[in-house]
Amino acid sequence: MTTYAALLRGINVGGSKKLPMADLRTLLTGLGHTGVRTHLQSGQAVFTAGHGDEESLAAELSRAIEERFGFPVDVIVRDHAYLKAVAEACPFPAADLAPKQLHVTYFSAPVTPDRFADIDPAVHLPEEFRLGDRCLYLYAPEGLGRSKLAEVLSRRPRTKSLIATSRNWNTVVKLVELTAPGA
């Protein structure tokens, strides 16, 4: 049995794609998962599964959401070891920053620097980004809502053929805690 976090993209934002967390918990339990919990209303669920891998679990949950709620939702599923490694590999001084200043964008597949080669880092200072293992770290001193770099990073074709969903540092750390053995 492995504990995973499911990261849902674009739900409960701006009045569209409403997905109550209680319904998400019921759906995950109905798929045979145990220890189901949700975090916040923005699309994080933690569950234990005795079958499948990250990709198959994400596809299963995405299909079930569309069947049950009538709209598509992109889903990324990651296990505790991955989530912990992402937090530990942060290239920015997370302990010295406000959580709203640091974000991680999780990708459904590995990304290479060539996707971002046209971005001149000097143009966006003091904002910065670094690539990690199927993720991107963003330092945005004024927060994500005011970040010009975040807007540039999220444009197609950079994200073409990928699922990408971002979380602030508080959520990154909380998902590590929630998926930890014995949590």
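Quick note: structure is the one above.
Residues numbered from 1 in each chain as written. Predicted model: local features only at pLDDT ≥ 70, side-chain atom pairs only at ≥ 80, totals over all residues. Heavy atoms only, no water.

Of all five residues that make up strand β4 (residues 75-79), four are buried, and the element is covered over most of its length. Direction of pairing for strand β1 (residues 2-8) relative to β4: antiparallel, over a ladder of five bridges. Bridge assignment links Y4 to a residue of β4, and that residue is D79. (Buried < 20%, exposed > 50% of the residue type's maximum accessible area, 1.4 Å probe, protein only. Helix = DSSP H or I, 4+ residues; strand = E, 2+ residues; numbered from the N terminus. Pairing = 2+ DSSP bridges.)

Moving on, we get to the pattern of salt bridges. Counted according to the given criterion, the structure contains seven salt bridges. In this structure, K84 engages E88 in a salt bridge whose closest nitrogen and oxygen atoms are separated by 4.0 Å. Here E88 and K84 lie together in helix α3 (residues 80-88), a separation of four residues that amounts to about one turn. You can call K84 partly exposed: its relative accessible area is 38%. Between E177 and K174 there is a salt bridge; the shortest N-O distance is 3.7 Å. With E177 and K174 both in helix α6 (residues 169-179) and three residues apart, this pair spans about one turn of that helix. (Salt bridge = Lys/Arg side-chain N within 4 Å of Asp/Glu carboxyl O.)

Taken as a whole and assessed by the stated rule, the structure comprises five aromatic pairs. With a centroid separation of 6.4 Å and 55° between ring planes, the pair formed by Y82 and Y106 is classed as tilted. Here the residue Y82 occupies a position in helix α3, and Y106 occupies one in strand β5 (residues 102-107), the gap between them amounting to 24 residues. In this structure Y82 comes out as buried when scored by relative accessible area, which is 6%. Over the ring of Y82 we find R134, and its NZ or CZ is 4.5 Å from the ring centre. (Phe/Tyr/Trp six-rings, centres within 6.5 Å; stacked < 30°, edge-to-face > 60°. Lys NZ or Arg CZ within 6 Å of the ring centre and 35° of its normal.)

Turning our eyes to something else, we now look at the environment of A81. Along the chain, A81 turns up in helix α3. For A81, a relative accessible area of 51% corresponds to the exposed category.

Where α3 meets α6, the closest approach of the two axes is 9 Å, and the angle between their N-to-C directions is 140°. Where α3 crosses over α6, the handedness of that crossing is left-handed. Each of H80, L83, K84 and A87 in α3 lies in contact with α6, whose residues at this interface are W169, V172, L175, V176 and T179. Class assignment for the residues of the contact of α3 with α6 results in six nonpolar, two polar and one charged. (Axes fitted to C-alpha atoms, helices over the stretch in contact; angles between N-to-C directions. Left-handed = near helix turned anticlockwise from the far one by under 90°. Contact = heavy atoms within 4.5 Å. Nonpolar A, V, L, I, M, F, W, Y, C, P; charged D, E, K, R; others polar.)

The strand order across the open sheet formed by four strands is β2-β3-β1-β4, and the pairing between neighbours is antiparallel. The sheet terminates laterally at β2 (34-39) and β4, the two strands that pair on one side only. Averaged over all neighbouring strand pairs, the angle between strand axes comes to 20°, with direction disregarded. Here β2 runs beside strand β3 (residues 44-49); their pairing, made up of four bridges, is antiparallel. Directly across from T34, in β3, lies its bridge partner T48. Taken strand by strand, helix α2 (residues 54-69) contacts β1, β3 and β4, and its axis lies near 145° from that of β4. Strands β1, β2 and β3 of the sheet are contacted by α6, whose axis makes an angle of about 150° with β1.

Within the secondary structure layout, A150 lies in helix α5 (residues 148-154). The buried category is assigned to A150, whose relative accessible area is 16%. A150 has contacts with E127, L138 and L144, leaving out every residue within four places of it along the chain.

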